[in-house]
Amino acid sequence: MTAVPQRLPKLCLLVALLAAAAGTLSGQQSSGGGAYLAGDAHEPEYGVAIVRDVMVPMRDGVRLATDLYLPARDGVALPGPWPTVVERTPYSKYRFYPNAPDGNDYARNGYVMVVQDVRGKFDSEGVFSSYPQEGPDGFDTVEWIREQPWSDGRIIATGSSYFASTAQAILVQNPPGLVAAAIRVGPGNYHEDGAWRGGAFLLSHNVNYVLRLAAEGQEAAVSPEVEAALQENRKIENSLRLMRLSPLAKGFSPLALTPSYDDWYQDWQNHELYDEYWQQMGNGVTKHFANAADVPILLIGEWYDAFLGGTLDQLAAYGEGRQSPVHLVISGGEHGNVYSLRTYAGDVDLGPDSPIHVGVEMMRWFDQHVQGRDRGVEPGNLIRAFRIEGGDGVRNADGRLQAGGTWQEFTEWPPADSSPVDYYLGADRTLTTGTAAAGSITYTHDPADPVPSIGGRVSSGLPVRAGPQDQRCRIELPHCDDDLPLRLRPDVLVFETPALERDVEVSGPVVARLWVSSSAVDTDFVVNLIDQHPPSADYPEGYAMNVAEGIVRARFRSFEQDRPSFRRAYAIKEEPLVPGEMVEVTVDLWSTSYLFRAGHRIRVDVSSSSFPQFDVNPNTGEPFARRVSPPVVAQNTIYMGADHASSISLQVR
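Residues numbered from 1 in each chain as written. Predicted model: local features only at pLDDT ≥ 70, side-chain atom pairs only at ≥ 80, totals over all residues. Heavy atoms only, no water.

**A look at the overall build of the protein chain**
How we decide: Only runs of H or I of at least four residues qualify as helices and only runs of E of at least two qualify as strands under DSSP, and these elements are numbered from the N terminus. Type-normalised accessible area, obtained with a 1.4 Å probe on protein chains alone, sets the label of each residue: buried when under 20%, exposed when over 50%, and partly exposed for intermediate values. Contacts are assigned to residue pairs that have any heavy atoms within 4.5 Å of one another. Under the convention used here, a 1.4 Å probe and the Shrake-Rupley method define accessible areas, while residue burial counts only the protein chains that appear. Note on charges: Lys and Arg go in the positive column, Asp and Glu in the negative column, and His and the chain ends are not counted at all. We put the charge of a Lys on NZ, of an Arg on CZ, of an Asp on CG and of a Glu on CD.
In terms of helices and strands, the protein chain carries 13 helices and 29 strands. Along the first, second and third principal axes, the C-alpha atoms of the protein chain reach 80 × 55 × 45 Å. Among the 653 residues that make up the protein chain, the fraction classed as buried is 63%. Contacts in the protein chain between residues far apart in sequence, at least 24 positions, make up 76% of those at least 6 positions apart. By element, 51% of the accessible surface of the protein chain is carried by carbon and sulfur atoms, the whole surface being about 22400 Å². Across the protein chain, 54 positive and 83 negative side-chain charges occur, with their mean positions spaced 2 Å apart.

Structure representation (C-alpha cells):
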C-alpha cells in the first residue's frame, strides 16, 4: 500500500501522487465495473491509476483512510485537474457494487474518485458512532479534496443506503464546490426510515444491522473470538432468538462484546420520539433539507425499498423552489435490486424491463451536468416510475409469479392526472368506493402469537424475505408455524372489493385512516394493501401479492410533518389510549405505482402485529427499552360507516 504525506505543498503532492500511481499500482483497469456501460455508446477515454490509503485529517485530528482513482495514460496518472466524485462508506472502500460505477469507471471517464472508510471503520482512525459523525467528516473531506492539485474544485457527492446518508450530509451543508449529487435508496430520516416506523421499532432491520456492523467493526477486528461470536449470532436462528428476547439490555446481549456498538444500539432503542437525537445531522436530513445545495440531483429508488419514504421526501424537498433539475428513477424491486440487474424481487419476477442500469444513469447524469457532454438527459424535473403489473397468475421456470410492468414518465408526484379515491372498509368485510356497511369488528391481539411478516419493505431483514410475496406462511420460515394463508388468522381482518371489472392503476400516496378502540392503553395497527389474484392453474388458491404496508403505534398517533408535501412521519408526543374510547389513527403506506388487473380484487388487511419486521407491542404502554410488565392481551376494534368511516385512500389514474 502507498501512503502519501499530507502536509506537502501542492506541487510536491502532485509529484508524489503521480509517482505512486506510476509505481506498484499504475495503470490498473476496471475488471468488472465497466459492465454497467453495456448498451451505452459512450466510450471511456483514459486508463486508471490508484493511490491507496491516503490518510485524510479531520478537524479533530482523526485521519480517515482514503483511496484515489485518477485518470491515467500509459500507466501514468494525468495531472488534470479533474472533477471529483466522493463516496464515504462504512462497508470498506475496497467494496464496489456490480450495478454502479466504481473508481475505475469514473477515472476512465475523466473523474477522480475519492472513496473513504468512514470514521472508526476498516482502515480509518477514530470510533464509529453511526450517522451523526458524517456531517462534519463529510464537510472536512470535501474541503480537503478542493485543496488537492488534481481537483478542479468541482465535487460530486454520491452513495447508497448508509452512504447515501453520508452523501446527503454533504449535500445539505452546501459546501463550496459541490456541483451534483446522486442518492440511491437513501433515507430521509432514520427515526422513521430505520428505527421507529410509525412508532414501532424496526426489529429485524436493527438487530441484523447492528450485528453486521459490529462483526465488521474494529473491536471485532482485533479479536477473532469476538468476530466469530458475532458472526454466529448473525445466523438466522440466532438473530431471530435475539429479536424474540428484545429489547436488548445494555451489557446483556452479544453486543456487549463491542461496547461502542452496544452504546449506539441503546441510543436507538431509547429514543422513541422524534427528539433532538434524531434531528442531528446524519441521523436525518429532513430538518436540513432547506439548506441543501441547489445542484442537479439524481435519485434512484425501488417501490419495495425500506427507505422508499425517504426517497419520496427527497423528491419533494430537492424538487421544490430550486433552479437545478431533480430526476427520480424508481423501479419495482426491493433494497437489494439497486445493486444488480436481476429482474425479480421477493417471490415475483417483474420482467426484463424492470432493472435500473444504475451505472448508466449516474454516468450520464454527471457527464451532462458536470462535464457538459450531451448525454441525452432531459431538462427539468422528471420522474421515471416503473408501474408493477400484477400478471396472469403464471409461475415462471424459476418458481416465481410472472408479473411485469411498464415504465412511465411524470413531471410531478403524485401524477397530475391522478386523484385520490377513498375505499371504505365495511362491516361485511367489503372494500368499496360507495357506502360501506356500518358496524364494527373486534379481534384479539395476543402478543404471544403475533402475525408473521411475509415480505415487504425490508432491508437487513432476514428471516423476513423482502419484496412482494404471497401472503401466506411457509413452514420453512423460522417465524412461521404452518403453511396457511394469513387471511385465515382470526387476528387478520380482510376487506376486499368484488372482482374488478376493469384495470385500476394506483400511482401515488397510499394512506389509511382507521377509527379504532382497544381494551389496552396502547396497541398497534398494521395495514397491508394487497393484490388478490384469482385462482389459476399455478396458484389454485390465488396469489395475495403485498403492494404496500404501514404501521402505527397508537400512543404515537399524534405526529408532525416537516412540510406538507412529506409523508406522515414523526411521533412528537405520547398519548395513551383510554380503554374502550374511539380514536382515529392514520397509517402511512408511503406510495406505489401498481396496476390492479381486471378480475383481481383490491384487498386491505388490518391486524395489530407484523413480527419480526416490527417489535410486538405488549399493549402495556411502557417504553420499548424499559418494559417490565408482562404483556397484555388486547381486544381491538375497527369501526366502519357513518361518522367513523374507516378507509384507505388510493391515488387512481
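**Observations concerning the environment of V526**
Tracing the backbone through its elements, the reader meets V526 in strand β22 (residues 524-532). Classification of V526 as buried rests on a relative accessible area of 2%. For the pair V526 and R553, spaced 27 residues apart in sequence, the C-alpha separation works out to 8.9 Å. Those residues in contact with V526 that sit more than four places away from it in its chain are G550, I551, D605, V606, S607, S608, S609 and S610.

**A look at the sheet that holds strand β20 (residues 493-496)**
The test is simple: At least two DSSP bridges between two strands are required for those strands to pair. Axes, fitted as lines to C-alpha atoms, cover a helix only where it is in contact. Angles between the N-to-C directions of the axes lie from 0 to 180 degrees.
On the basis of which strands lie adjacent, the open sheet formed by four strands has the order β20-β27-β22-β23 and antiparallel pairing. Two strands lie at the open edges of the sheet, namely β20 and β23 (544-553), each paired on one side alone. Going across the sheet, the axis of each strand differs from the next one's by a mean of 20 degrees, ignoring polarity.

**Regarding the environment of L230**
Relative to the assigned elements, L230 resides in helix α8 (residues 224-233). Residues L230 and G599 lie 369 residues apart in sequence; the distance between their C-alpha atoms is 49 Å. Those residues in contact with L230 that lie beyond four places of it in its chain are L211, A214, A215, A220, P254 and T258.

**Thoughts on the state of the cysteines**
In plain terms, the rule: For this text, the term disulfide refers to a pair of cysteine sulfurs within 2.5 Å.
A full pass over the atoms with the stated rule returns one disulfide. Covalently, C473 is tied to C480 through a disulfide, its sulfur atoms 2.2 Å apart. Around the S-S axis, the bridge from C473 to C480 shows a dihedral of about -75 degrees and counts as left-handed. With respect to burial, C473 and C480 carry one shared label: buried.

**What about the confidence of the model for the protein chain?**
The test is simple: You can read pLDDT as the predictor saying how much it trusts each residue, on a scale of 0 to 100.
Looking at the protein chain as a whole, its pLDDT mean stands at 91, while 92% of the residues score no less than 70. When the criterion is pLDDT under 50, residues 1-36 qualifies, and its contacts beyond four places in sequence or with other chains add up to 77 contacts.

**As for the sheet that holds strand β15 (residues 401-402)**
Strand order across the open sheet formed by three strands is β12-β13-β15, with mixed pairing between neighbours. Lying at the two open borders of the sheet, with one neighbouring strand each, are β12 (344-345) and β15. Across two bridges, the pairing between β12 and strand β13 (residues 348-349) is antiparallel. The partner of Y344 across the bridge, within β13, is D349.

**Remarks on unusual backbone geometry**
The amide bond that connects S246 to the next residue, P247, takes the cis arrangement and shows omega of 5 degrees. Note that P247 resides in the loop between α9 (236-245) and α10 (259-270). Looking along the chain, the bond that leaves W413 and enters P414 is cis, with omega of 0 degrees. Locating P414 in the fold gives a position in the loop between β16 (405-410) and β17 (419-425).

**Digging into the nonpolar core**
Our working definition: We call a set of buried Ala, Val, Leu, Ile, Met, Phe, Trp, Tyr and Cys residues a nonpolar core when their side-chain atoms join them within 4.5 Å.
If you look at the biggest cluster of nonpolar residues, it comprises 100 residues, and the most contacted ones within it are V606 and I648. Per-element tally for this core: the top contributor is strand β26 (residues 583-596), with seven residues. Apart from residues lying up to four places away in sequence, V606 is in contact with L425, Y443, D491, V492, L493, F495, L514, V526, V527 and I638.

**Description of the packing of aromatic side chains**
Applicable threshold: To pair, rings of Phe, Tyr and Trp, with the six-membered ring standing in for Trp, must have centres within 6.5 Å; the planes then decide the type, stacked if under 30 degrees apart, edge-to-face if over 60, and tilted in the middle.
Counted by the stated rule, this structure contains 31 aromatic pairs. Taking 6.0 Å as the distance between ring centres and 80 degrees as the angle between the ring planes, the aromatic pair formed by Y106 and Y111 counts as edge-to-face. Both residues of the pair, Y106 and Y111, count as buried. Their ring planes at 65 degrees and their centres at 5.4 Å tell us that F386 and W407 sit as a pair that is edge-to-face.

**Regarding the pairing of strand β4 (residues 82-89)**
What counts, and what does not: We call a crossover right-handed when, viewed with both strands directed away from the observer, the connection leading from the first strand over the helix to the second proceeds clockwise.
Across the eight residues of β4, eight count as buried, placing the element largely inside the fold. Note that β4 and strand β6 (residues 151-160) share four bridges and pair parallel. In the sheet register, V85 faces β6, and the bridge partner there is I156. Pairing between β4 and strand β5 (residues 112-117): six bridges, direction parallel. Within β5, the position partnered with V85 by the bridge is M113. Following the backbone out of β4, through helix α2 (residues 103-108) and into the adjacent parallel β5, one traces a crossover that is right-handed.

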